[in-house]
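# Chains, contacts and geometry: an overview
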Amino acid sequence: MKHTISDLEDIASQVRRDCLRMVHAVQSGHPGASLGCADFFTALYFEVLNHNPEFKMEGVGEDLFFLSNGHISPVWYSVLARSGYFEVSELKTFRKLDSRLQGHPTTHEGLPGVRIASGSLGQGLSVAIGAALGKKLDGDKSLVYALMGDGELQEGQNWEALMFAPFHKVDNLIASVDYNGQQIDGPTEKVLSLENLQAKFESFGWHVITSDGNDMAEIVKALHYAKSLTGKGKPILNLMSTQMGYGVDFMVGTHKWHGSAPSNEQLETALGQLKETAGDY
Amino acid sequence: MKKYTYTEKKDTRSGFGAGLHEAGKRNENVVALCADLVGSLKMDAFIKDFPERFVQVGIAEANMMGIAAGLTISGKIPFTGTFANFSTGRVYDQIRQSIAYSGKNVKICASHAGLTLGEDGATHQILEDIGLMKMLPGMVVINPCDYNQTKAATLAIMDNEGPVYLRFGRPVIPVFTPEDQKFEIGKAWMVNEGTDVTIIATGHMVWRAIEAGEQLAELGIDAEIINIHTIKPLDEEAILKSVKKTGCVVTCEEHNKFGGLGESVARLLTTEYLAAQEFVAVNDSFGESATPDQLMTKYKLDPDDIVAAAQKVIKRKR
Ligand SMILES: Cc1ncc(C[n+]2csc(CCOP(=O)(O)OP(=O)(O)O)c2C)c(N)n1
């Protein structure tokens, strides 16, 4: 381990503060799933990924990460900044004119750490598969990671990608699903139920593991376990249960915070529940 | 310059929501579909009164277009609702084959068009949708200018057999057209008669053209302002009549200069009556995150930009 679990939890707390402050400052953006995925992102960038903050697009010999549900950009930007890709102070430009921190992540402004634009849902898994195939062609043994939303899985392109990866033995790929059960119009079960996701993925030929994405020890363990499963002929799917808004009592578990910003008072209350551990930007 | 005033500002998407609700009352064949954006598309009133005629398809726009096409077969009139990008580019071939080529009576209703959705940025700000949709044979393309006009347009397309693309937006803007207007598809609306230059505007740019017209009047320039809410079929007669009078034209749209209203006007003028033209449009660029006002300024869609374009084009008059 590069960090203790409690160190990682401290970082995740700071990341959650960053997310809320970024969204609050411009009164727009997506706090819900950003908070829910803060533990995953922290574990990934501070513990699991073999990566170099001196960013190079090609990422030769490095693990690559692709965010398909681009609306949770706040959590990614915070973790990229806090792990050295760019100055933490740049977080204050989020969603503002002429910023590299666009509402949805993009390569267009050259932000270090981002290798593809996302925001229009359902496209990231295909891109991650392409990047993983590229690594195989180059004999590069490092891995490719991807994250998708659960509502996002309603997009048909995901299922084209889900069919492709096992058939082509893309076994250097670890895809995670942010299984929070929420989307914009309500609980996923009410909007368009995904039914038995695990059985679906397995029937497509993935090696499926499940995890609790809001338990730092467990998510670290799950990602290390996922790593140990690579190179065995199957892509790996981490079905990761999270709670939207995790870490702030009045935001937990509801789609209401999918894409709305906290007021001044709400921000204050929320920050009161999250330790400042690495200094606010 | 004719005086235009307004007492309130509203978003055009709310005009769509109100129109859809009214359409549902008037015609029981009207069915609404949405892809996880009910609140953004203002469909709540329709859903409340006609829950059995609402279809929530989830985040699956391609499936939505196919289902809409299929619903027309029993005589339903489907209105699909999602953001403009996901209503067009995302599902272009589904629209092309199952709706346009098949001649199906689907109303593709698209919110958050253009730059003015603001902070979400370029992935959501489509500036190519007018071009994409006007190129489809038989597709009617409409971009109304305020709440009242959007509501009236939503009702008018219900009664117009055939595929329609209805484009509207997110920000609140002045409501300046009459509440009880009759919306005639393909018929230009004369905003102000003038003699020195023709300003043709669509969507959110119409109010900006009025503001520009007031500035031009102070500079002694008498602008004729025309609202082209229907980009296809284009009201060629109205445009030609005006340009024959003024001898020059400025086109204004919240869209890429390639493929938009301006190019439709240019095609008309080069074939029927050659005249100088300036384009107030986005200059072959994606958008970005910022407030709507900041973006309209950065991408040169302000009233000042229309004034400058008018002054420039007058110098090149035939
Ligand atoms: C193609 C496409 N359709 C619609 C949207 C609008 N949209 C943004 S996020 C979202 C809901 C996503 O749900 P989920 O993947 O579960 O993410 P969560 O709500 O958990 O953040 C929708 C419909 C979009 N960005 N892209």
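For clarity, every value in this text was computed on a predicted model and none was experimentally measured.

## Here we look at the UniProt feature "domain: Transketolase N-terminal" (unreviewed entry) in chain A
The sites that UniProt annotates as "domain: Transketolase N-terminal" (unreviewed entry) are residues 11–268 of chain A. Secondary structure across residues 11–268 of chain A divides into 39% helix and 13% strand, with the first and last C-alpha atoms of the span separated by 19 Å.

## Structural notes on the packing of aromatic side chains
Under the counting rule described, the total for this entry stands at 18 aromatic pairs over all chains. Where B:F46 meets B:F50, the ring centres are 5.2 Å apart and the plane angle is 55°; that geometry is what we call tilted. Grouping residues by exposure puts B:F46 and B:F50 together as buried. Chaining the aromatic ring pairs together yields one cluster made of A:F40, A:F41, A:Y45, A:F65, A:W76 and A:Y85. Sitting above the plane of the B:F50 ring, B:R53 keeps its charged end 4.4 Å from the centroid.

## Looking at helix 9 (residues 236–246) of chain B
Since there are 3.6 residues in each turn of an α-helix, residues three or four apart along the chain are aligned in direction. All names here are of chain B. Among the residues of helix 9, I239, L240, S242, V243 and T246 are the ones counted as buried. Here the buried residues of helix 9 occupy an arc of 165° about the axis, which is enough to place them on one side. Counted as exposed and oriented over 90 degrees from the buried face of helix 9: E237 and K241. Structurally, helix 9 contributes buried residues whose contacts are with strand 10 (197–201), strand 11 (223–227), strand 13 (248–256) and helix 10 (261–272).

## A closer look at the site of the ligand
Looking at the ligand, there are 22 residues lining it, with A:H71, A:G119, A:D150, A:N180 and B:E61 nearest. A:G119 places a polar main-chain atom, nitrogen or oxygen, 2.8 Å from a nitrogen atom of the ligand. A distance of 3.5 Å separates a nitrogen atom of the ligand from a polar atom in the side chain of B:H124. Alone, the ligand offers 590 Å² of accessible surface; in the complex the protein occludes 99% of this. Broken down by class, the residue content of the shell around the ligand amounts to 6 nonpolar, 10 polar and 6 charged.

## Let's talk about the sheet that holds strand 3 (residues 173–179) of chain A
Residue and element names in this part refer to chain A. Spatially, 1-2-3-7-6 is the arrangement adopted by the 5 strands of the open sheet, whose pairing is parallel. Only two strands of the sheet have a single partner each, and these edge strands are strand 1 (64–67) and strand 6 (207–212). Each neighbouring strand pair of the sheet contributes to a mean axis angle of 20°, computed without reference to strand direction. Inspection of the sheet shows strand 1 paired to strand 2 (residues 144–149) by 4 bridges, in the parallel sense. Its bridge partner lying in strand 2, L64 is registered against V144. Along the sheet, helix 5 (residues 124–138) makes contact with strand 1, strand 2 and strand 3, crossing strand 2 at roughly 175°.

## What about helix 9 (residues 216–228) of chain A?
Residue and element names in this part refer to chain A. If you check helix 9, its first and last C-alpha atoms are 19 Å apart, about what 13 residues at 1.5 Å a residue would give, namely 18 Å. Where helix 9 is concerned, the buried positions are M216, I219, V220, A222, L223 and A226. End-on view of helix 9: buried residues confined to an arc of 160°, all on one side of the axis. Looking at the buried residues of helix 9, the elements they touch are helix 1 (5–26), helix 3 (38–48), strand 3, strand 6 and strand 7 (236–241). Capping the start of helix 9 is the job of one residue whose side-chain oxygen sits 3.2 Å from the backbone nitrogen of A217: D215.

## Overview of the domain arrangement of chain B
All names here are of chain B. Partitioning chain B into structural domains gives domain 1 (10–174) and domain 2 (189–315). Distance from the C-alpha centre of domain 1 to the C-alpha centre of domain 2: 25 Å. Across the contact, 34 residues belong to domain 1 and 34 residues belong to domain 2. Here domain 1 and domain 2 share an interface that buries about 2,500 Å² over both sides, 60% of which is from carbon and sulfur atoms. Taken together, the connections running from domain 1 to domain 2 amount to 0 salt bridges. Counting every contact that joins domain 1 to domain 2 gives 24 residue pairs in polar contact (both at pLDDT 80 or more). Secondary-structure elements contributing two or more residues to the side of domain 1 that touches domain 2 are helix 6 (129–134), strand 6 (140–142) and strand 8 (172–174). Looking at which element gives the most residues to the side of domain 1 that touches domain 2, the answer is helix 6, with 4 residues. Here the residues of the side of domain 1 that touches domain 2 sort into 16 nonpolar, 11 polar and 7 charged.

## As for the sheet that holds strand 5 (residues 107–111) of chain B
Pairing between the strands of a sheet comes from backbone hydrogen bonds, and it takes one of two forms, parallel or antiparallel. Residues and elements named next belong to chain B. With respect to topology, 7 strands assemble into an open sheet ordered 3-2-4-5-7-6-12, the strand pairing being mixed. Edge strands, defined here as strands with exactly one partner in the open sheet, are strand 3 (54–56) and strand 12 (230–232). When the angles between neighbouring strand axes are averaged without regard to direction, this sheet yields 20°. Relative to strand 3, strand 2 (residues 30–34) is paired through 3 bridges, and the arrangement is parallel. Across the sheet, residue A32 finds its bridge partner in strand 3, namely F54.

## Topic: the interface of chain B and chain A
Counting residues at the interface gives 25 residues for chain B and 26 residues for chain A. Carbon and sulfur atoms make up 46% of the surface buried where chain B meets chain A, a total of about 1,900 Å² over both sides. Viewed at the interface, chain A and chain B are joined by 3 salt bridges. Counting across the chain B and chain A interface gives 18 residue pairs in polar contact (both at pLDDT 80 or more). Looking at the side of chain B that touches chain A, the elements with two or more residues in it are helix 4 (84–87) and helix 11 (292–298) of chain B. If one sorts the elements of the side of chain B that touches chain A by residue count, helix 11 of chain B sits on top with 3 residues. Within the side of chain B that touches chain A, the residues separate by chemical class into 9 nonpolar, 9 polar and 7 charged.

## Concerning the pattern of salt bridges
Under the defined criterion, the tally for this structure stands at 24 salt bridges over all chains. Between B:E288 and B:K298 there is a salt bridge whose closest N-O contact spans 2.8 Å. You can see B:E288 sitting in the loop between strand 14 (276–282) and helix 11 and its partner B:K298 sitting in helix 11, a full 10 residues away along the chain. Judged by its relative accessible area of 4%, B:E288 falls in the buried class. Owing to a relative accessible area of 37%, B:K298 belongs among the partly exposed residues under this scheme. One salt-bridge network, in which partners are shared between bridges, spans A:R17, A:E276 and A:D280.

Each value, and the rule that gives it
Residues numbered from 1 in each chain as written. Chains lettered and ligands numbered in written order. Predicted model: local features only at pLDDT ≥ 70, side-chain atom pairs only at ≥ 80, totals over all residues. Heavy atoms only, no water. UniProt positions renumbered as here; feature names shortened; annotations may be inferred. Helix = DSSP H or I, 4+ residues; strand = E, 2+ residues; numbered from the N terminus. Phe/Tyr/Trp six-rings, centres within 6.5 Å; stacked < 30°, edge-to-face > 60°. Buried < 20%, exposed > 50% of the residue type's maximum accessible area, 1.4 Å probe, protein only. Lys NZ or Arg CZ within 6 Å of the ring centre and 35° of its normal. Arc of directions from axis to C-beta. Contact = heavy atoms within 4.5 Å. Near = heavy atom within 4 Å. Polar contact = N/O pair within 3.5 Å; in protein donor to acceptor, adjacent residues only side chain to side chain. Areas by Shrake-Rupley, 256 points an atom, 1.4 Å probe, with all protein chains shown as cover. Nonpolar A, V, L, I, M, F, W, Y, C, P; charged D, E, K, R; others polar. Pairing = 2+ DSSP bridges. Axes fitted to C-alpha atoms, helices over the stretch in contact; angles between N-to-C directions. Expected span 1.5 Å × (residues − 1). Domains from an automatic or database assignment. Buried area = accessible area lost by both parts, 1.4 Å probe. Salt bridge = Lys/Arg side-chain N within 4 Å of Asp/Glu carboxyl O.

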